[in-house]
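Listed below are the residues making up each chain.
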Amino acid sequence: MINVTIENFDAEVVAASHQVPVLVDFWAPWCGPCKVIGPLLEKVEEEYAGRFKLVKIDSDQEQQLAQAFGIRSIPTCVLMVDGKPVDGFMGAVPESKIKEFLDKHVPSEAVREAEADAEDAQALAAAGDPQAALQKLLEALSVDPSNDDARYDYVKLLIENDLLEDAEAALAPKLTEIPRQLRFEALGQFLDAIKFVVTDDRGIWTPDQFDALIASNKRDFDTRLAKARVLMVGGDWTGAMDELLEIIMRDKAWGDAVPRKTFVAILELLTPPKPKANPADAGKAAGGIEVVGKVVAETDPQAQLVSAYRRKLSMALN
């Protein structure tokens, strides 16, 4: 349990909530019910062994924070996740209700174990040990099959290591969901492109062979799509998107809109992952309270590329 003030709010609550849920207990020394629920919250925090973090804010001493959260009575508890309030309760509720509340939002031990395995896998992959990384991700999914981040990383790493059948099997459950998640749809389109290159005679064609046919018929969309897939698998993402745009501009609905779907898939695969929160990188805390200086975000060239091609697609579709 930590006592929080305006000075340490951003680090101890906002930034910390990107790593683990933070339960904020607004209380005051004169409040009788606060003295009842306070020890219960501390007992539950100990029992949950790091699955959430408990902090206390004296609403009399920290009125700016209390006002920012709209506190009208105490005790009031607010749960923060990823820098934002997601739920809360008021009054001196019993221990069973506190646990019932927390269990709706706080990850189980199994989920935490799976997340730890997934983080280990990222480190192993970065260190050049894909087999160990794949094993870690498989362990994460066996513990928590609903961990979509681990599944995405697992399928992507399988594809990168030419384990295509395993990748298809691991991806299949996500492609039956309605609606599909865009990132899994993107992996599906990438697998389709790889299978085309592996099974179709044109998979080994040079760009000149494609261009000779296209020059004689600008609306030879099948050849354009084939070229785009070969370029995509070869890592020429912009070349692939440029070819797909030529199809989309001429016929948006051709081929069950596969060119558009493939273009969107490339954008998704190229989109840089969101950076994890860093306690040192702070701007505005929850409720709009200025805590420290604003962060100057550096422009990522790849993000710029994705943004530029999103605009091109938008123009082609309008």
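Computed from a predicted structure; not experimentally measured.

Trainee: Explain the packing of aromatic side chains here, please?
Mentor: By convention here, two paired aromatic rings are described through the distance between centres and the angle between planes. Inspection of every chain in the model, using the stated rule, returns nine aromatic pairs. Ring centres of Y152 and F184 lie 6.1 Å apart, and the angle between their planes is 70 degrees; on these two criteria the pair is classed as edge-to-face. With Y152 in helix α7 (residues 148–160) and F184 in helix α9 (residues 182–199), the pair connects residues that are 32 residues apart, well separated along the chain. Exposure remark for F184: the relative accessible area of 0% places this residue in the buried category. Through successive ring pairs, a cluster of aromatic residues spans F9, F26 and F69. In this structure, K56 is placed above the aromatic ring of W27, and the distance from its NZ or CZ to the ring centre is 5.1 Å. It is K312 that lies over the ring of Y309; its NZ or CZ is 4.2 Å from the centre.

Trainee: Please clarify how the state of the cysteines should be interpreted in this entry.
Mentor: For the coordinates displayed, the defined rule picks out one disulfide. The side chain of C31 participates in a disulfide bridge whose partner is C34; the two sulfur atoms lie 2.4 Å from each other. Taking the sign of the S-S torsion, 80 degrees for the link of C31 and C34, the bridge is right-handed. Just as C31 is buried, C34 falls in that class too. Left unpaired, C77 is separated from the closest cysteine sulfur, that of C34, by 8.7 Å. The class of C77 is buried, set by a relative accessible area of 1%.

Trainee: Even after reading the chapter, I still don't get the nonpolar core, so can you show me in this structure?
Mentor: Across soluble globular proteins, nonpolar side chains show a tendency to be buried alongside one another. Counting residues in hydrophobic clusters, the biggest one holds 48 residues, and the most contacted among them are I159, L187 and F263. No other element matches the eight residues that helix α13 (residues 258–270) contributes to this core. Those residues within four positions of L187 in sequence are excluded, and the remaining contacts are Y152, V155, K156, I159, L171 and L269. V22, F26, I71 and V78 belong to the second-largest nonpolar core, a separate cluster that totals 21 residues.

Reading the values: the criteria
- Residues numbered from 1 in each chain as written.
- Predicted model: local features only at pLDDT ≥ 70, side-chain atom pairs only at ≥ 80, totals over all residues.
- Heavy atoms only, no water.
- Phe/Tyr/Trp six-rings, centres within 6.5 Å; stacked < 30°, edge-to-face > 60°.
- Helix = DSSP H or I, 4+ residues; strand = E, 2+ residues; numbered from the N terminus.
- Buried < 20%, exposed > 50% of the residue type's maximum accessible area, 1.4 Å probe, protein only.
- Lys NZ or Arg CZ within 6 Å of the ring centre and 35° of its normal.
- Disulfide = S-S within 2.5 Å.
- Core = buried A, V, L, I, M, F, W, Y, C linked by side-chain atoms within 4.5 Å.
- Contact = heavy atoms within 4.5 Å.

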